[in-house]
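Here's the letter readout for the chains.
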Amino acid sequence: MLKDKIEAALNSQIKSEAQSSQIYLAMASWAETQGLGGTAQFLYKHSDEERMHMLKLVQYVNERGGKALIPQLEQPTKDFNKLTNLFQTLLDHEVMVSGEINDLVDICLSEKDYTTHNFLQWYVAEQIEEEALARTIMDKLNMIGEDKGGLYLFDRDIENISITTGEQV
Ligand code: FEO
């Protein structure tokens, strides 16, 4: 049985993962309207991944005798202006999520909930990969700058980058 404090913290993370999925969906849609088809596909996949992160938490809370709360979400920004702004927002967002996961791990230790602590290790590893990938993408974009040919190749190649494995083309 989950302690109330752990259940509340996990429910808050459910909202955060759902909100991440929503934000990346908005980013994907923006990219699609800018003619950045590869970037859009990458972000649609990223949005799906976040939904999966949320779902894992929902099922874990329910399995452990808690009640998962399906949250109301906020409207994400719909204009990203430039690709570098979009990916910087994504990187900053992932850094924030990593902080949330670390806080959750901390709560589990202070409450001596080693089962949830163990469950969260998957998220700890996932955050390392997601942050690393977002940094690599930012490095590439900074290198490309305003070069249109470079952006064309970036958009073509990003579609094949997998988030879960962090595998690069
Ligand atoms: Fe589920 Fe990208 O954090």
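Now for a description of the structure that goes with this document. A quick note: this is a predicted structure, and the numbers were derived from the prediction, not measured.

### Some words on the overall build of the chain
Across its full length, the chain carries five helices and zero strands. In the chain, the succession of α and β elements from N to C terminus is α-α-α-α-α. For 169 residues, the compact-globule estimate of 2.2 N^0.38 gives 15 Å, and the C-alpha radius of gyration of the chain, at 17 Å, lies within 12% of that figure. By principal-axis analysis of the C-alpha atoms, the chain measures approximately 55 × 25 × 20 Å. The buried share of the chain, reckoned over its 169 residues, is 46%. In the chain, the share of contacts with a sequence separation of at least 24, taken over all contacts with a separation of at least 6, comes to 79%. Of the roughly 9000 Å² of accessible surface on the chain, 52% is carried by carbon and sulfur atoms. Where the 15 positive side-chain charges of the chain centre and where its 28 negative ones centre are 3 Å apart.

### Digging into the pattern of salt bridges
For the structure on display, the rule yields seven salt bridges. When salt bridges with common partners are traced through the structure, they connect K3, K5 and E111 into a single cluster.

### Re the layout of surface pockets
Remark: the empty space left among the atoms is shown by a probe the size of a water molecule rolled over them. Estimated volume of the largest pocket: approximately 240 Å³. Forming the boundary of the largest pocket are K82, L83, T84, L141, G145, E146, K148, L151 and Y152. Looking at the lining of the largest pocket, the elements with two or more residues in it are helix 3 (83–110) and helix 5 (148–158). Of the residues forming the lining of the largest pocket, the biggest block, three residues, is contributed by helix 5. By residue class, the composition of the lining of the largest pocket is four nonpolar, two polar and three charged.

### Re unusual backbone geometry
A positive phi angle is found at N81, which is not glycine, with a value near 65°. Tracing the backbone shows N81 in the loop between helix 2 (37–63) and helix 3. When its relative accessible area of 59% is taken as the criterion, N81 is described as exposed. The phi dihedral of K112 is positive, around 55°, even though this residue is not glycine. Following the sequence through the fold, K112 ends up in the loop between helix 3 and helix 4 (114–144). Owing to a relative accessible area of 60%, K112 belongs among the exposed residues under this scheme.

So, how was this worked out
- Residues numbered from 1 in each chain as written.
- Predicted model: local features only at pLDDT ≥ 70, side-chain atom pairs only at ≥ 80, totals over all residues.
- Heavy atoms only, no water.
- Helix = DSSP H or I, 4+ residues; strand = E, 2+ residues; numbered from the N terminus.
- Rg over C-alpha atoms; globule rule 2.2 N^0.38 Å.
- Buried < 20%, exposed > 50% of the residue type's maximum accessible area, 1.4 Å probe, protein only.
- Contact = heavy atoms within 4.5 Å.
- Areas by Shrake-Rupley, 256 points an atom, 1.4 Å probe, with all protein chains shown as cover.
- Lys, Arg positive; Asp, Glu negative; His and termini not counted.
- Charge placed at Lys NZ, Arg CZ, Asp CG, Glu CD.
- Salt bridge = Lys/Arg side-chain N within 4 Å of Asp/Glu carboxyl O.
- 1 Å grid on protein atoms, 1.4 Å probe; cavity = no way out; pocket = protein on both sides within 12 Å on 5 of 7 lines; lining within 4 Å.
- Points joined across faces, edges and corners; volume = space filled by probe spheres on them.
- Nonpolar A, V, L, I, M, F, W, Y, C, P; charged D, E, K, R; others polar.

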